[in-house]
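# Overview (structure and organization)
Letter by letter, the chains look like this.
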Amino acid sequence: MQIGQVSTQTGMSRDAIRFYEKSGLIHSKRQNNGYRYYDHDIIDVLGLIKLAQSLGFSLHEIQGFLPLLRGGELPEAMVKTVIDEKIQLIDQRVASLQTLRQRLLELPIGLDCPLRQDC
């Protein structure tokens, strides 16, 4: 498949596909005319990348487990560990954001507001 076909079938821009290739997440073969050619499984691979990103995984994290996903060798215990770690990170971020929210609510808004330059 050429990049235009991959783009059409996945809804991803050609630039995004090239970025994933440059990042090492996907690979193409070059034809004699210089065009990129992708195997048909690229649609599934890009779908996995989009899903993982939508679940909050970084490209670096995806790069770590994508080869195992592609090979169908991702053990259930590893999946659970990765998901549990992501949930812990999200919980930490939520707690941090709640603390920040509370601090903002407690700021005095009147003349003694610490954010005013003329105080």
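To keep things clear, this report deals only with the structure shown in the data block.

Thresholds applied
Residues numbered from 1 in each chain as written. Predicted model: local features only at pLDDT ≥ 70, side-chain atom pairs only at ≥ 80, totals over all residues. Heavy atoms only, no water. Helix = DSSP H or I, 4+ residues; strand = E, 2+ residues; numbered from the N terminus. Buried < 20%, exposed > 50% of the residue type's maximum accessible area, 1.4 Å probe, protein only. Patch = residues over 30% accessible without salt bridge, like charges linked within 9 Å, V, L, I, M, F, W, Y side chains within 5 Å. Areas by Shrake-Rupley, 256 points an atom, 1.4 Å probe, with all protein chains shown as cover. Salt bridge = Lys/Arg side-chain N within 4 Å of Asp/Glu carboxyl O. Core = buried A, V, L, I, M, F, W, Y, C linked by side-chain atoms within 4.5 Å. Expected span 1.5 Å × (residues − 1). Arc of directions from axis to C-beta. Contact = heavy atoms within 4.5 Å.

### Comments concerning the environment of arginine 103
Inspection of the secondary structure puts arginine 103 in helix H5 (residues 76-106). Residue arginine 103 is classed as exposed on the basis of its relative accessible area, which comes to 58%. Between the C-alpha atoms of arginine 103 and glycine 24, which are 79 residues apart in sequence, the distance is 42 Å.

### Describing a nonpolar patch on the surface
Taken together, the side chains of Val79, Ile83 and Ile87 make up a nonpolar region of the molecular surface, amounting to roughly 220 Å² of accessible area. Summarising the element assignment, isoleucine 87 is placed in helix H5. By relative accessible area, isoleucine 87 is classed as partly exposed at 43%.

### Considering the nonpolar core
It is characteristic of soluble globular proteins that their nonpolar side chains tend to be buried jointly. If you look at the biggest cluster of nonpolar residues, it comprises 18 residues, and the most contacted ones within it are Ile17, Ile26, Leu46, Ile49 and Ile62. Secondary structure elements with two or more residues in this core: helix H1 (3-10), helix H2 (14-22), helix H3 (42-54) and helix H4 (59-71). In terms of residue count, H3 provides more of this core than any other element does, 5 residues in total.

### Some details on H3
The first and last C-alpha atoms of H3 sit 18 Å apart over 13 residues, in line with the 18 Å expected at 1.5 Å per residue. Of all the positions in H3, only Ile42, Val45, Leu46, Ile49 and Ala52 are classed as buried. Taken around the axis of H3, the buried residues stretch over an arc of 125°, which confines them to a single face. Opposite its buried face, H3 presents the exposed residues Asp44 and Ser54, each directed more than 90 degrees away. Residues of H3 that are buried sit in contact with H1, H2 and H4. Phi turns positive, to about 95°, at glycine 56, one or two residues after H3.

### Things to note about the pattern of salt bridges
Applying the stated rule across the entire model yields 5 salt bridges. Of the charged contacts, one joins arginine 18 and aspartate 15 as a salt bridge, the two residues approaching to 3.1 Å between their closest N and O atoms. On the criterion of helical spacing, the pair formed by arginine 18 and aspartate 15 is a turn pair, its members being 3 residues apart in helix H2. A salt bridge links glutamate 61 to lysine 86, with the shortest nitrogen-to-oxygen separation between them at 3.0 Å. Placement of glutamate 61 in helix H4 and of lysine 86 in helix H5 is noted, with a sequence separation of 25 residues between them. On the basis of relative accessible area, glutamate 61 is assigned to the partly exposed category, the value being 30%.

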